[in-house]
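Descriptive analysis of the structure
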Amino acid sequence: MRLDLLTKMGVEMRTVCFLALLTLCRWYASASEPLNFLVFGDWGMGNEQQKAVAKQMETSGAAIQSKFVVNVGDNFYVFTKDAQGNRQGGIKNLSDPLWQRYFEQMYTGYLKDIPFYSVLGNHDYMGNSSAQLMYHNLSSRWIMPDRNYTTRFAIDDDGTTALFVFIDTSPFIESYYNDPEDPWMKEQLEHEDYKKQLAWLDEVLSQSSDHWKLVVGHHPICNCVV
């Protein structure tokens, strides 16, 4: 099962990455110019809660001089139904007004001049997921050149670097194929190959000589439900 593969891939990595992130934060705190950044997700609703979070992000981002934002997906929620009664979500196309309402006009001030490194969530597959990739070419701060990509940051002048690996985790979730939240989700996901994703991820991590490696995705590696 796809979820089992995702879990198997990361059971050991879960603790290692968490401890590495804590250590990395301590390293930044002691550096002459720390690499501070914000992390958020499940945000695109256009409601008062999103506005309140955006305002706090602007305040906190300016206070810590955040270099960028890590966006972990579920970028656009649309609570409507199509003619067949299927739930709709995500973005329709590049000219969808939600780009302005939920993103461009929502994250302003200090946040307007820093990049948002983004991945897709499952709700984004209820709309046009490819449009989110293409918007990368229209916006200087919406960073999503592909469904899986990497970026690297220098931490200090001694050559210490951090590799961020951004992955699309929805193809790993078996229920999205067998019992999708809407038909378009399944149709889009059937074009993805989670085995190729795993091979790509293994290659990227094994070939990296970076001091820090952080993998970013929408779904947790392990989940515990009582």
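A quick note: this is a predicted structure, and the numbers were derived from the prediction, not measured. (Residues numbered from 1 in each chain as written. Predicted model: local features only at pLDDT ≥ 70, side-chain atom pairs only at ≥ 80, totals over all residues. Heavy atoms only, no water.)

Points about the sheet that holds strand β2 (residues 68–71)
Counted only if it meets this: Here, a strand pair is defined by DSSP locating no fewer than two bridges between the strands. Secondary structure elements follow DSSP: runs of H or I no shorter than four residues count as helices, runs of E no shorter than two count as strands, and numbering proceeds from the N terminus.
Pairing is parallel in the open sheet, where four strands are placed in the order β1-β2-β5-β6. With partners counted over all chains shown, the strands left at the sheet margins are β1 (37–40) and β6 (142–143), one partner each. Pairing analysis gives two bridges linking strand β5 (residues 116–118) to β6, with the strands arranged parallel. Bridging across to β6, Tyr117 finds its partner in Ile143.

A look at the sheet that holds strand β9 (residues 212–216)
Operational definition: Helix axes are fitted only over the stretch in contact, all axes being lines through C-alpha atoms; the angle between N-to-C directions runs from 0 to 180 degrees. Contacts were defined at the residue level, with two residues in contact if any of their heavy atoms lie within 4.5 Å.
Spatially, β7-β8-β9 is the arrangement adopted by the three strands of the open sheet, whose pairing is mixed. The outermost strands of the open sheet, each flanked by one partner alone, are β7 (149–154) and β9. On average, each strand axis in the sheet is inclined to that of its neighbour by 20°, with strand direction left out of account. Alignment of strand β8 (residues 161–166) against β9, held across five bridges, turns out to be parallel. Looking at the pairing, Leu163 lines up with Lys213 of β9. Lying over the sheet, helix α7 (residues 194–207) contacts β7, β8 and β9, oriented at roughly 180° with respect to β8.

As for the confidence of the model for the protein
Heads up, the rule is: Residue-level confidence of the predictor is summarised by pLDDT, bounded by 0 at the bottom and 100 at the top.
Looking at the protein as a whole, its pLDDT mean stands at 85, while 79% of the residues score no less than 70. Taken as a whole, residues 3–23 scores under 50 in pLDDT and shows 21 contacts with residues more than four places along the chain or in a different chain.

Describing the environment of His191
Looking at the secondary structure, you find His191 in the loop between α6 (183–189) and α7. In this structure, the C-alpha to C-alpha distance between His191 and Pro171, residues 20 residues apart in sequence, is 9.3 Å.

Overview of the side chain of Thr161
Within the fold, Thr161 resides in strand β8. Discounting residues that sit within four places of it in the chain, Thr161 has contacts with Arg152, Phe153, Ala154, Ile155, Asp210, His211 and Trp212.

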